[in-house]
Amino acid sequence: MIKRIAILGSTGSIGTQTLDVVREHPDRYEVYAISANRSVDLLIRQAREFKPEVVCIADERCYETLREALSDLPIKVWCGAESIDQMVTFPSVDIVVAAMVGYAGLQPTIEAIKAGKTIALANKETLVVAGELIGELAAQYHAAILPVDSEHSAIFQSLVGEDPNTVEKLLLTASGGPFLHHSLEQLRSVTAAEALRHPNWEMGAKITIDSASMMNKGFEVIEAKWLFGVPVDKIQVVVHPQSIVHSAVQYIDGSVKAQLGMPDMRLPIQYALAYPERLQSTFPRLDLFTYNTLTFLAPDQERFPCLSLAYEAVARGGNIPCILNAANEVANLAFREGRCGFMDMPDIIADTMAKASFIPKPDYDAYVASDKEARQIAEEMVNGK
Ligand code: MG
């Protein structure tokens, strides 16, 4: 049985690696639809190679270029955010790979869930912003959500065959990023270029900055809470600079099951696409004699306050994680553009969390309004820096 895939964000890091997995298994997967924000040239190359039914570009200014470049092929060419929502609901689509960056991934993921699709979820912001709503919808529409994030894939793989009631805690590993051993003083003057040099993982710019500030790990704590139904006080972040142990689960008898492997996103992507099967791959193998020293340390929340902000957001609940995410998207971009410093990011986020309106039980529209308000507040803070 060939599975048909729709990839949201096919030109990003996860999107291109998903296509690598499809190239490895042409007998199993077919690319039915792909979308990108504005990387039109790469999207054209992907469309010509994989010949999907539909290609969609979010940025309408790129539409003509895309349409013209594919005019000799029988491919539907669409544009705009609404087309992306439509693309995930095709009856022929089996799996939706949600790999868009940030808050923009929320709406199409909701549409895919409502259409009962299996979701291979790489967009963690979706669960950070609206984890409770997503969980309720997934149950209501019988849509499976399979993690693509390497840590969550590791936890997922460690949970296979186990009774969820026997889980004592989750051990969520973190590389610590490029500034693991920087002093607070040094952190104040790091540049975006330095932050973009991640020691272990090749990722998109936004997540690489989140990784350097450890907001990425804070988001992953929230993501794990919603994916696995484990309260955050039972999710322990463990800094593990080699990124070989991708995460672990501790059980009530004291056993710890972990998943190890090379830091290669194609592995968790392939696991999500093939679940519950495990497929052959040609990806590099882990040689434990090469990685003969694996180290583990506690995270420093003073130098990396974003991690505490994420725990605080989830403890306060309601729309606070949505505010956390919106403020972080604004601060992250401002840092990349040199409009604020590295240690300004947590300040901007904390101030936005304090100032934005609290909504204890948000519905979808409340999330949209809250996201907008938080972005405005955070922008004002950036301008004041
Ligand atoms: Mg991760």
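These numbers were taken from a predicted model, which means no experiment stands behind them.

> Hey, could you run me through the overall build of the protein chain in this one?
Counting its regular elements, the protein chain contains 16 helices and 11 strands. Dimensions of the protein chain, computed from C-alpha atoms along their principal axes, come out at roughly 55 × 50 × 40 Å. By residue count, 55% of the 385 residues in the protein chain fall in the buried class. For the protein chain, the accessible surface area stands at approximately 16,500 Å², while carbon and sulfur atoms represent 51% of it. In the protein chain, the 34 positive side-chain charges and the 49 negative ones have mean positions that sit 2 Å from each other.

> Would you mind showing me how to read the coordination of the magnesium ion here?
Note on metal geometry: ideal angles are 109.5 degrees for four donors arranged tetrahedrally and 90 or 180 degrees for six donors arranged octahedrally. Taken together, Asp149 (OD), Glu151 (OE) and Glu220 (OE) make up the protein donors of the magnesium ion, found 2.1 to 2.2 Å from the metal. When the donor residues of the magnesium ion are listed from N- to C-terminus, their spacing reads D-x1-E-x68-E. Classification of Asp149 by relative accessible area gives buried; the value is 8%. On the accessibility criterion, Glu151 (8% relative accessible area) is buried.

> Explanation requested: the sheet that holds strand β3 (residues 54-57) in the structure shown.
By definition, the strands of a sheet pair up through backbone hydrogen bonds, in either a parallel or an antiparallel sense. Spatially, seven strands are ordered β4-β3-β2-β1-β5-β6-β7 in an open sheet, and the strand pairing comes out parallel. Since the sheet does not close on itself, it has two edges, and those belong to β4 (76-79) and β7 (145-147), each with one partner. Sheet twist, expressed as the average angle between the axes of neighbouring strands with direction ignored, equals 20°. When strand β1 (residues 3-8) meets strand β5 (residues 95-98), the two strands line up parallel, connected through four bridges. By the bridge assignment, Ile7 is partnered in β5 with Val97.

> Would you mind showing me how to read the domain arrangement of the protein chain here?
A common way to express how large an interface is: the accessible area buried when the components associate. Considered domain by domain, the protein chain is made up of domain 1 (3-147) and domain 2 (152-262 + 299-383). Relative to domain 2, the C-alpha centre of domain 1 lies at a distance of 24 Å. Counting residues at the interface gives 20 residues for domain 1 and 27 residues for domain 2. Counting each side, the surface lost to burial between domain 1 and domain 2 is near 1,900 Å², with a carbon and sulfur contribution of 67%. Among the residues domain 1 hides against domain 2, the three largest losses belong to Tyr103, Lys124 and Val128. Together they make up 34% of the total. Salt-bridge contacts for Lys124 lead to Glu220; the nearest nitrogen and oxygen are separated by 2.8 Å. Across the domain 1-domain 2 interface, the total number found is five residue pairs in polar contact (both at pLDDT 80 or more). Secondary-structure elements contributing two or more residues to the side of domain 1 that touches domain 2 are α1 (13-24), α5 (106-114), α6 (124-140) and β7.

> What is the right way to look at empty space enclosed by the protein in this model?
A probe as big as a water molecule, rolled over the atoms, marks out the empty space that is left. Evaluated as defined, the whole model comprises two cavities of 30 Å³ or more. The calculated volume of the largest cavity comes to roughly 70 Å³. Every residue lining the largest cavity is listed: Ser150, Ser153, Ala154, Gln157, Trp201, His246, Gln259, Gly261, Met262, Asp264, Leu267 and Pro268. The set of elements that each furnish at least two residues to the lining of the largest cavity consists of α7 (150-159) and α12 (266-274). The biggest single contributor to the lining of the largest cavity is α7, with four residues. Quantified by volume, the second largest cavity comes out at close to 30 Å³. In terms of lining, the second largest cavity is formed by Ser213, Arg303, Phe304, Pro305, Cys306, Phe342, Met343, Met345 and Pro346. Among the elements of the structure, α13 (305-316) and α15 (344-355) are those that each provide at least two residues to the lining of the second largest cavity. For the lining of the second largest cavity, a count of residues per class yields seven nonpolar, one polar and one charged.

> Even after reading the chapter, I still don't get the pairing of β5, so can you show me in this structure?
Side-chain positions along a regular strand alternate between the two faces of the sheet. Neither face of β5 is left uncovered, since the one carrying Ile95 and Val97 and the one carrying Val96 and Ala98 both have all their residues buried. Note on the crossover from β5 through α5 to strand β6 (residues 118-121): the handedness is right-handed.

> Would you take a moment to explain the sheet that holds strand β9 (residues 235-239) for this structure?
Read across the open sheet, the four strands follow the order β9-β8-β10-β11; overall the sheet is mixed. Of all the strands in the sheet, the pair left with one neighbour each is β9 and β11 (256-260). With strand direction ignored, the average angle separating the axes of adjacent strands in the sheet is 20°. The sheet contacts of helix α11 (residues 215-228) involve β8 (167-174) and β9, and relative to β8 the element is tilted by about 150°.

Thresholds applied
Throughout this description, residue numbers start from 1 for each chain and increase along the sequence as written. Owing to the predicted nature of the model, reporting of local features is limited to residues with pLDDT of at least 70; listing and counting of side-chain atom pairs is limited to 80 or more, with chain, interface and lining totals taken over all residues. In computing side-chain values, all of the structure's heavy atoms are included and hydrogens and water are not. By definition, any uninterrupted DSSP run of H or I lasting at least four residues is a helix, any uninterrupted run of E lasting at least two residues is a strand, and each is numbered from the N terminus. We call a residue buried when its accessible area falls under 20% of the maximum for its residue type, exposed when it is over 50%, and partly exposed in between, using a 1.4 Å probe and counting protein chains only. Exposure was quantified through the Shrake-Rupley algorithm and a 1.4 Å probe, taking into account, for residues, occlusion by the shown protein chains and nothing else. When charges are tallied, Lys and Arg are placed among the positive residues and Asp and Glu among the negative ones, while His and the ends of the chain are skipped. Every charge is mapped onto a representative atom, which is NZ of Lys, CZ of Arg, CG of Asp or CD of Glu. Because water is not among the atoms used, a metal site may look incomplete, as its donors are only the N, O and S atoms within 2.8 Å, or 3.2 Å for Na, K and Ca. Two strands pair if DSSP finds at least two bridges between them. Axes here mean lines fitted to C-alpha atoms, for a helix over just the part in contact, with angles spanning 0 to 180 degrees between N-to-C directions. Domain ranges listed in this record stem from an automatic or a database domain assignment. What makes two residues a contact is simply this: any of their non-hydrogen atoms within 4.5 Å. Note on definitions: buried area is the accessible-area loss of two parts on being combined, 1.4 Å probe, summed for both. When a carboxyl oxygen of Asp or Glu lies within 4 Å of a side-chain nitrogen of Lys or Arg, that pair is called a salt bridge. Between N or O atoms, a polar contact is any pair within 3.5 Å; within protein, one atom must be a potential hydrogen donor and the other a potential acceptor, and residues adjacent in sequence are included only when both atoms are from side chains. Method remark: on a 1 Å grid restricted to protein atoms, a set of points is classed as a cavity if a 1.4 Å probe fits but cannot get out and as a pocket if it is open with protein on both sides within 12 Å along at least five of seven lines; lining residues have an atom within 4 Å of a point. Grid points are joined across faces, edges and corners, and a volume is the space filled by probe spheres set on the points. Under the convention adopted here, Pro, Cys and the residues Ala, Val, Leu, Ile, Met, Phe, Trp and Tyr are nonpolar, Asp, Glu, Lys and Arg are charged, and Gly plus all remaining residues are polar. When the strands point away from the viewer and the path from the first strand over the helix to the second turns clockwise, the crossover is right-handed.

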